[in-house]
Amino acid sequence: MMQVSSADREDALREAINIGMGAAGAALAEALGTFVRLSVPEVKEVPPGAVVDLLAARWAERQVNASYQAFYGEVSGEALAIFDDTAGRSVADLLGHDVNDQSSDEGRSADEILLELGNLMTGACVNGIVDRFNEPIHLAPPVLVCQAGDLRATLHPTPTTASRALVVCIDFAIDERQFATRVGIVISEASFATLDEAIDRFFADLLAS
Amino acid sequence: MMLKKVLPPDLLADVVEAGGGEEALAICQREPIELMFLDLTMPERDGYAVLAELQRAGRVPPTFVVSADIQPGASDRVRDLGALAFLKKTPDRATIETALANAGLR
């Protein structure tokens, strides 16, 4: 197996994250019928105790809604979709739904809409990243973990013996709607070796093509 | 940079890399560029803003946008701003060669 430098591994991982971001952005744009602004993903390896602060950065003073999904496979971890508290109504407005009308199938609540969107975006992000390296994963159903609340007060670090976690934060915005959302992905240290091997295989295939 | 791994060798002879949108603009304004591979999601100014600024100045070099931003309309937007092609990340060498041929650069 070829030796891939750590710089090349980091480049390949960032490329995969960009591709996941692009898939999620496209999914959001198609769902809402509008243009979505993408930001450069933030990627950091941190001690488990720093994960919540990193995920919640820039959301600290805001009331937010957040959905949570764990994912399992050779690469495992957790994902969050964070929405500003006003996002549900912005999205409902874009979709032409009346969240106050529960009498029809389209009268979904704002929470239900955000849960669906969160599932769509975290699925696209996580699958976009791991597909790149041919590492299939299974995503658990999403759960709403924060409703119009303080994210830092809601999130608690998962008990772990790990010393590191890889945290990816990807921000999306619809400027004319003042709509902003973040997908946060935490990949467990137990998956690092698998990820490195997958990146090495990816490079071998890339250079052979 | 991943793209350099798959560029045809003859394109690697004289490569200048920009770390973000502002640097890309400065380079384009400073020296003639034969071919630019431009990402859309970048720090400082994004690729759309870079192309728009270059188009305003009448200085868009031959440009292939290479991006993971595949939302509806992205490809049309960059072509309207003067890009020759939109290549989805990460293009392989064959895709780049085809784009070069289609742009009359081969």
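It should be emphasised that the depicted structure is a prediction, and the values quoted were computed from it without experimental measurement.

Cut-off values and rules
Residues numbered from 1 in each chain as written. Chains lettered and ligands numbered in written order. Predicted model: local features only at pLDDT ≥ 70, side-chain atom pairs only at ≥ 80, totals over all residues. Heavy atoms only, no water. Contact = heavy atoms within 4.5 Å. Buried area = accessible area lost by both parts, 1.4 Å probe. Salt bridge = Lys/Arg side-chain N within 4 Å of Asp/Glu carboxyl O. Helix = DSSP H or I, 4+ residues; strand = E, 2+ residues; numbered from the N terminus. pLDDT = per-residue confidence, 0-100. Buried < 20%, exposed > 50% of the residue type's maximum accessible area, 1.4 Å probe, protein only. Polar contact = N/O pair within 3.5 Å; in protein donor to acceptor, adjacent residues only side chain to side chain. Phe/Tyr/Trp six-rings, centres within 6.5 Å; stacked < 30°, edge-to-face > 60°. Core = buried A, V, L, I, M, F, W, Y, C linked by side-chain atoms within 4.5 Å. Expected span 1.5 Å × (residues − 1).

Engineer: What is the right way to look at the interface of chain A and chain B in this model?
Structural biologist: Frequently, the measure chosen for interface size is the accessible area that the parts lose on association. Contact with chain A, which involves 25 residues of that partner, is made by 17 residues of chain B. Taken over both partners, the interface formed by chain A and chain B buries close to 1700 Å², and the fraction arising from carbon and sulfur atoms is 65%. Put simply, chain A and chain B have two salt bridges between them. The closest approach of N and O atoms between Glu15(A) and Lys89(B), which form a salt bridge, is 3.8 Å. Those elements that provide at least two residues to the side of chain A that touches chain B are helix H1 (6-32) and helix H6 (192-208) of chain A. For the side of chain A that touches chain B, the leading source of residues is H1(A), giving 13 residues.

Engineer: In this structure, what is going on with the confidence of the model for chain B? I would like to understand it.
Structural biologist: Parts of the prediction with low pLDDT should not have their coordinates interpreted in detail. For chain B, mean pLDDT is 93; residues scoring 70 or higher make up 99% of the total. As scored by the predictor, the complex reaches a pTM of 0.89 and an ipTM of 0.89.

Engineer: Before we go on, may I ask you to explain the pattern of salt bridges in this structure?
Structural biologist: When their charged atoms lie close together, side chains carrying opposite charge are able to pair. The tally for this structure, following the rule as stated, stands at 21 salt bridges over all chains. The partner of Asp8(A) in a salt bridge is Lys5(B), and the shortest N-O contact between them spans 2.9 Å. Here Asp8(A) is found in helix H1, whereas its partner Lys5(B) is found in helix H1 (residues 2-6) on a different chain. Under the relative-accessibility criterion, Asp8(A) is labelled buried at 18%. In this structure, Arg9(A) and Asp200(A) form a salt bridge, with 2.9 Å as the shortest nitrogen-oxygen distance. Taken together, the residues span a long stretch of sequence, with Arg9(A) in helix H1 and Asp200(A) in helix H6 at a distance of 191 residues. Given the relative accessible area of 10%, Asp200(A) is considered buried. Each of the salt bridges in this network shares a partner with another, and the network as a whole consists of Glu22(B), Arg45(B), Glu53(B) and Arg56(B).

Engineer: Can you walk me through the side chain of Thr90(B) in this structure?
Structural biologist: You can see Thr90(B) is positioned in the loop between strand S3 (85-88) and helix H5 (93-102). Given the relative accessible area of 14%, Thr90(B) is considered buried. A polar contact of 2.2 Å, which involves the side chain of Thr90(B), links it to the side chain of Glu15(A). Once residues within four sequence positions are removed from consideration, Thr90(B) is found in contact with Glu15(A), Ile19(A) and Arg132(A).

Engineer: Would you mind going over the packing of aromatic side chains with me for this structure?
Structural biologist: Geometrically, a pair of aromatic rings is defined through the distance of the ring centres and the angle of the planes. Scanning the model with the defined rule gives three aromatic pairs over all chains in all. Look at Phe35(A) and Tyr48(B): their rings are 5.6 Å apart centre to centre, the planes differ by 75 degrees, and that puts the pair in the edge-to-face class. Taken together, the positions of Phe35(A) in the loop between H1 and strand S1 (37-38) and Tyr48(B) in helix H3 (residues 47-56) put the pair across two chains. You can call Phe35(A) partly exposed: its relative accessible area is 25%. For Tyr48(B), a relative accessible area of 8% corresponds to the buried category. Ring plane angle 80 degrees and centroid distance 5.6 Å describe the contact between Phe37(B) and Phe64(B), whose orientation is recorded as edge-to-face. Remark: Phe64(B) occurs in strand S2 (residues 63-67) and Phe37(B) occurs in strand S1 (residues 36-38); sequence separation between them is 27 residues. Exposure remark for Phe37(B): the relative accessible area of 22% places this residue in the partly exposed category.

Engineer: How should I be thinking about unusual backbone geometry in this particular structure?
Structural biologist: Most peptide bonds adopt trans geometry, and most residues besides glycine take a negative phi value. Residue Lys89(B) is joined to Thr90(B) through a cis peptide bond whose omega torsion reads -15 degrees. In this structure, Ala148(A) takes a positive phi of about 45 degrees despite not being glycine. Looking at the secondary structure, you find Ala148(A) in strand S6 (residues 143-149).

Engineer: Explanation requested: the environment of Ile27(B) in the structure shown.
Structural biologist: Residues and elements named next belong to chain B. Locating Ile27 in the fold gives a position in helix H2 (residues 21-30). Once the C-alpha coordinates of Ile27 and Val16 are considered, the two residues, eleven residues apart in sequence, prove to be 8.3 Å apart. Sequence-distant contacts of Ile27, that is, excluding residues within four places in its chain, are made with Val16, Glu17, Ala18 and Ile33.

Engineer: I keep staring at the nonpolar core and nothing clicks. Help me out?
Structural biologist: Residue and element names in this part refer to chain A. Formed by 61 residues in total, the largest nonpolar core has its most connected members in Leu28, Phe71, Phe133, Phe172, Ile185 and Ile187. Broken down by element, this core gets its largest block of residues, ten residues, from H1. Discounting chain neighbours no more than four positions away, the residues touching Ile187 are Phe71, Val75, Ser76, Gly77, Ala165, Leu166, Phe192 and Leu195. In terms of nonpolar packing, the next biggest core, distinct from the first, is built from 19 residues, Leu55, Leu151, Leu155 and Cys169 among them.

Engineer: Can you walk me through H6(A) in this structure?
Structural biologist: Think of an α-helix as 3.6 residues a turn; residues three or four steps apart then line up on the same face. Taking 1.5 Å of rise per residue, the 17 residues of H6(A) would be expected to cover 24 Å, and the 24 Å separating its terminal C-alpha atoms lies within 8% of that figure. Within the sequence span of H6(A), burial applies to Phe192(A), Thr194(A), Leu195(A), Ala198(A), Ile199(A), Asp200(A), Phe202(A), Phe203(A) and Leu206(A). For H6(A), the elements touching its buried residues are H1, strand S2 (42-46), helix H4 (110-132), strand S7 (165-174) and strand S8 (179-188) of chain A together with H1 of chain B.

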